[in-house]
Amino acid sequence: MSYQVLARKWRPKSFATLVGQEHVVRALSHALATGRLHHAWLFTGTRGVGKTTISRILAKALNCETGVTPEPCNQCAACQAIDADRFPDYVEMDAASNRGVEDMAALLDKAVYAPVQGRYKVYMIDEVHMLTGHAFNAMLKTLEEPPEHVKFILATTDPQKIPVTVLSRCLQFNLKQMPPGHIVEHLSRILAAEAIPCETPALRHLAKAANGSMRDALSLLDQAIAHGSGKIEEEQVTHMLGTVGDDHLYAVLDALAAADVAALLAVADRMEARSLSFDAALQALASLLHRVALAQFAPAAIADEAERQRVSPYTELFDAEFLQLAYQIAIHGRDELPLAPDDYAGFTMTLLRLHAFRPDQPPALGSPAAAGGGGGVARSLPPAAPRPAAAPRPAPGNASAQPAQPAAAAPTAAVTPATSAVPASVPEPPARAPAAEPVQRPAPAAPSAAAEARPEPSNSVPPWEDLPPEAFAGQSAEPAALRSEPPGEAAPPPAAARPAPAAPASGGDGDGDAAADFAAGNWHGLIRRLGLGGLVREFAQHCEWLGFADGVIDLRLSNAHRHLLDMNPGVVERIQDQLASLYGAPLRLRTAVGAIEGETPAQRDEADRRARHAEAVAALESDPFVRELIERFDATLVEASVKPL
Amino acid sequence: MIHPWLADTWQRLVGLGGRLPHALLFVGPEGLGKRDLADTLAARLLCSAPAVDGHACGHCVPCQLRLSGNHPDLLPIVPEADAAPESEGGEGGEGGEGGSGKKKSSQIRIEQIRDLQETLSVTGHQSSRRVIVVDPAEAMNAFTANALLKLLEEPPEGCIFLLVSSAPRRLLPTIRSRCQQWSFSRPADDVVAQWLLGPDAPPADLLALTGGMPLAAQRLAKSGSDALLRRFVKDIAALPAGDPLKLAGQWESWLKSKEALAAGFGMPQLVEWIQRWVTDLASLRLGGRVRFFPGEDGVIAALAQRTSVAAVTNCYNELARIRRVVQHPLNARLMLEDMLLRYARAVTGTRR
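Residues numbered from 1 in each chain as written. Chains lettered and ligands numbered in written order. Predicted model: local features only at pLDDT ≥ 70, side-chain atom pairs only at ≥ 80, totals over all residues. Heavy atoms only, no water.

An unreviewed UniProt entry lists chain B under the name DNA polymerase III subunit delta', with Aromatoleum tolulyticum given as the organism. Taken verbatim from the UniProt record of chain B, the Catalytic activity (unreviewed entry) comment is "DNA(n) + a 2'-deoxyribonucleoside 5'-triphosphate = DNA(n+1) + diphosphate". (UniProt positions renumbered as here; feature names shortened; annotations may be inferred.)

In the nomenclature of an unreviewed UniProt entry, chain A corresponds to DNA polymerase III subunit gamma/tau from the organism Aromatoleum tolulyticum. Under Function (unreviewed entry), UniProt gives the following word-for-word description of chain A: "DNA polymerase III is a complex, multichain enzyme responsible for most of the replicative synthesis in bacteria. This DNA polymerase also exhibits 3' to 5' exonuclease activity."

This is the structure we're talking about:
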């Protein structure tokens, strides 16, 4: 029963039989042929790419009885002794178990003596990254200027752990990972020599699973031979590898697209029945999602034609936001797999999350709109605003006035998942629903951003062209009247974080029709209806309604704001035009400048805001928790910082 | 012994005959009998005349040595913490050295590997065949694992390494690359159902609790966790109405009680159970199904209706984080309170 695994049996014995690593072999061969020999080599690379193998061949090349040669004979006593690991001048030290400075000192003590049998004393220090710092330092002097007859070969998977002082004394060779093509070739050569029948596609699977390591490939090949009882068949190999055959993953995507939970769980069950690794599956799933996302943006980036074909349907099924979210969920799920009750539970939870945390958006709005089609509305909505999904916002009171609102609000919903995608921080619906507020409020004065920023098909006002972008972002619950400067220059307040209140079409303001407003002199309501913006609105806000008779409207502009008229004389005409189209008949607007006797809309807004502020302060002050804070910690309530909702 | 759900694997292993590689890595969730499989295989390898079905004969000299726990060529490499009960069980073991009051290491130390290297550098006692069982392989720390690398790659003639791991991700890639991996997963339902009919089978609810791992369930049943589980379910199901802080107090004394200590029931297990409970809850809320507590699906369904997806997912994540620190010597009372408050918040929807 002296079976030797393939990886050992087929360890290459000469540079000629070595697979890959041509760059190293060439350099070493030239050095050996010309006799320009460095005294210390360092081989680095991942597992199973040939570090130890190259070291042994090099040792043979140095000590072969035919002379220093790039082609050791493998026949002479020295070569055979080195292969059998009984050559007195070839010391293969396991640095991982002999890590200490004593081990190193013992080794170096012997280095001064001349070789017993060979030409050179070759010290091969494997897994050198495990040496302690002292051991490394102990070898520095010898490594720098070893005796003539000493050669060092260091090998490690982890060159990061080696001190620079050691690195600088060695000739470093970085061994590359094996390309799958090389591995397939090598495997088929070995199988031919072993007289084992095989199917080439099976080898390709093995090579892929080996992930660039020849030893992994040979271990797998051993296993495949055992599994297939002496022959290699593709089906058995895929079964054995548990390559989460992409089939399973595509099934996951299908089930997600169909929102079919049962199918999702069935995939997990099938994978468990085949003992597939859930860890690998999540990794592969993340990678697949990445490829789908890639195919969405740059189809040419996927080189493999067959794969592109396979992936392309999914680019239609999922939008970019979902793919990003799903990718993160998959990555996150893989991270916490060891913390889950068991792998199966961790995997299914991840799948369920993928299913449950679908970005919720109306079907009419695809990703293009969310990505910012360039429309004014999309631009005005800050994409980073961590606001709750706007979809559930009820708009009963203003439904008639705001048909455009759901559509306009939807991009928020679509954007939100992309920014707060980590499932751990799924934003809970905030306690204060922004929609509830405006409805309760009796008569909010300032027309809100929603009201004026969005075109309203219900009234026939044409889209206005002079709307400055600030009007979108800058609008808030704060009445415009507070600003003394022209609104066009008003710095946009950080409204991003503040939920813009839905159009407050409450009270009698929005309900009655326009004619009633004209008759009643409801100037405040009229402004709202006009949906003015910018300077024009500012102007209107500061006018007082004097009367309306015979198609002539009299307004009085407050003295303090006469500059609004001076700066922009055309403003009256514009309001006049818009009022006329609202009224349905020609109108004339007369404005006078004088002291306000009644109340302008701006003043009304301000008064209203003050009242609400006072209310909020009172509510806070009466809050038991706040009171306790004040009592216990001598806290003070900074009233200016209170913002009524 | 070979458990029914491993019979196929055993057949394949036996079928390998002379092609058995020098390093095997058994990978799969806990409670499946991977170690049993490794032990049986070791017995077969050491036996001088294995039976037709591949099992060791039990009569020959090596077998008798092994059965008395003295086989010099069977070298279990296990953490010190596991080694003590192991030698009592008569399944090998180097024998305890110095019963000092020091806490046993739960890791495999590098000295063990160095000793192993020394042992293997000479020929075996009975023959050149020596079997090394490393269980659990992930208990090797970075130094130990690296020290094993050279030996694992090219062991002396006749040495066979059997590594057992339930967390292969924590193994060095260089270790994994040197072994032939055999992976296992939850046994098929019909096989287990058959097994449940047999003697000393665990109750079905324990089997479900362990996620269908028969041996884990059996261990629980043997330690008398049945009653503990009932109490756990009763308490946690009543929690939304009760006071989490009070329950934390009760549980703290519960953990210190005699029956809990006798069953080896500690904080890690309690946290695991709560986590499983919340996993069921979250799974149900997200559209999945109840897996660990099938007997309580009514309770869980009622709870799931009260929670929001966000709250329950949050709770699940928090428990995963708690699980990360469960081995730390934290104040048990505080930990329980923290955990139960989080849970209560998730199921009652109150926010603090």
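(A) Expanded view of the sheet that holds strand β5 (residues 171–174) of chain A. Residues and elements named next belong to chain A. The 5 strands lie next to each other as β2-β3-β4-β1-β5, forming an open sheet whose pairing is parallel. Each end of this open sheet is capped by a strand with a single partner; those strands are β2 (90–94) and β5. Averaged over all adjacent pairs, the angle separating strand axes in this sheet is 15 degrees, with direction ignored. In terms of strand pairing, strand β3 (residues 121–126) meets strand β4 (residues 150–156) through 5 bridges, oriented parallel. Residue pairing in the sheet places Y123 in a bridge with F152 of β4. Of the strands in this sheet, β1 (40–44) and β5 are in contact with helix α2 (residues 22–34), which crosses β5 at around 150 degrees. (Pairing = 2+ DSSP bridges. Helix = DSSP H or I, 4+ residues; strand = E, 2+ residues; numbered from the N terminus. Axes fitted to C-alpha atoms, helices over the stretch in contact; angles between N-to-C directions. Contact = heavy atoms within 4.5 Å.)

(B) Representation of helix α31 (residues 624–633) of chain A. Little of α31(A) is tucked away, with 1 of its 10 residues classed as buried. Two residues or fewer past α31(A), A:D634 is found with a positive phi of approximately 60 degrees. (Buried < 20%, exposed > 50% of the residue type's maximum accessible area, 1.4 Å probe, protein only.)

(C) Fine view of the packing of helix α14 (residues 267–285) of chain B against helix α16 (residues 309–324) of chain B. All names here are of chain B. Where α14 contacts α16, the two axes come as close as 9 Å, and the packing angle between them is 155 degrees. Of the possible angle classes, the one that applies to α14 and α16 is roughly antiparallel. Every pair of crossing elements has a handedness; the one defined by α14 and α16 is left-handed. When α14 is examined against α16, the residues V271, E272, I274, Q275, V278, T279, L281, A282 and R285 are found in contact with a partner set consisting of V309, V312, C315, Y316, L319, A320, I322 and R323. A breakdown of the residues in the contact of α14 with α16 according to their chemical character gives 12 nonpolar, 2 polar and 3 charged. (Parallel < 35°, antiparallel > 145°, perpendicular 65-115°, else oblique. Left-handed = near helix turned anticlockwise from the far one by under 90°. Nonpolar A, V, L, I, M, F, W, Y, C, P; charged D, E, K, R; others polar.)

(D) Up close: the packing of helix α27 (residues 534–541) of chain A against helix α29 (residues 571–583) of chain A. Residue and element names in this part refer to chain A. Viewed as axis vectors pointing N to C, α27 and α29 meet at an angle of 85 degrees, and their least axial separation amounts to 10 Å. Comparing the axis directions of α27 and α29 gives the class roughly perpendicular. Within the contact between the two elements, α27 uses V536, F539 and A540 and α29 uses V571, V572, R574 and I575.

(E) Geometry of the packing of aromatic side chains. Under the defined criterion, the tally for this structure stands at 17 aromatic pairs over all chains. With a centroid separation of 5.8 Å and an interplanar angle of 25 degrees, the aromatic rings of A:F43 and A:F173 are classed as stacked. One end of the pair, A:F43, is in strand β1; the other, A:F173, is in strand β5, and 130 residues separate them in sequence. Residue class for A:F43 comes out buried when judged on its relative accessible area of 0%. Centre to centre, the rings of B:W251 and B:W254 are 5.9 Å apart; their planes meet at 50 degrees, and the pair counts as tilted. One end of the pair, B:W251, and the other, B:W254, are both in helix α12 (residues 244–256), 3 residues apart, so they sit about a helical turn from each other. The pair formed by B:W251 and B:W254 is uniform in burial state, with each residue classed as buried. Taken together, the ring pairs in this structure connect B:F232, B:W251, B:W254, B:F265, B:W273, B:W277 and B:F293 into an aromatic cluster. The ring of A:Y344 carries the charged tip of B:R186 above its face, separated from the ring centre by 5.9 Å. Between the NZ or CZ atom of B:R276 and the centre of the ring of B:F292, over which it lies, the distance is 4.9 Å. (Phe/Tyr/Trp six-rings, centres within 6.5 Å; stacked < 30°, edge-to-face > 60°. Lys NZ or Arg CZ within 6 Å of the ring centre and 35° of its normal.)

(F) Structural detail: the interface of chain B and chain A. Contact residues are listed per partner, giving 58 residues for chain B and 57 residues for chain A. Carbon and sulfur atoms make up 50% of the surface buried where chain B meets chain A, a total of about 5100 Å² over both sides. Of all residues in chain B, the largest losses of buried area upon contact with chain A belong to B:R19, B:K150 and B:R169, amounting jointly to 14% of the total for that side. Our count for the contact surface shared by chain B and chain A stands at 11 salt bridges. We note a salt bridge from A:D269 to B:R289, for which the minimum N-O separation is 3.3 Å. Going through the elements one at a time, α1 (7–16), α5 (110–120), α6 (142–153), α7 (173–178), β5 (180–183), α14 and α16 of chain B are the ones with two or more residues in the side of chain B that touches chain A. For the side of chain B that touches chain A, the element with the highest residue contribution is α16(B), accounting for 9 residues. (Buried area = accessible area lost by both parts, 1.4 Å probe. Salt bridge = Lys/Arg side-chain N within 4 Å of Asp/Glu carboxyl O.)

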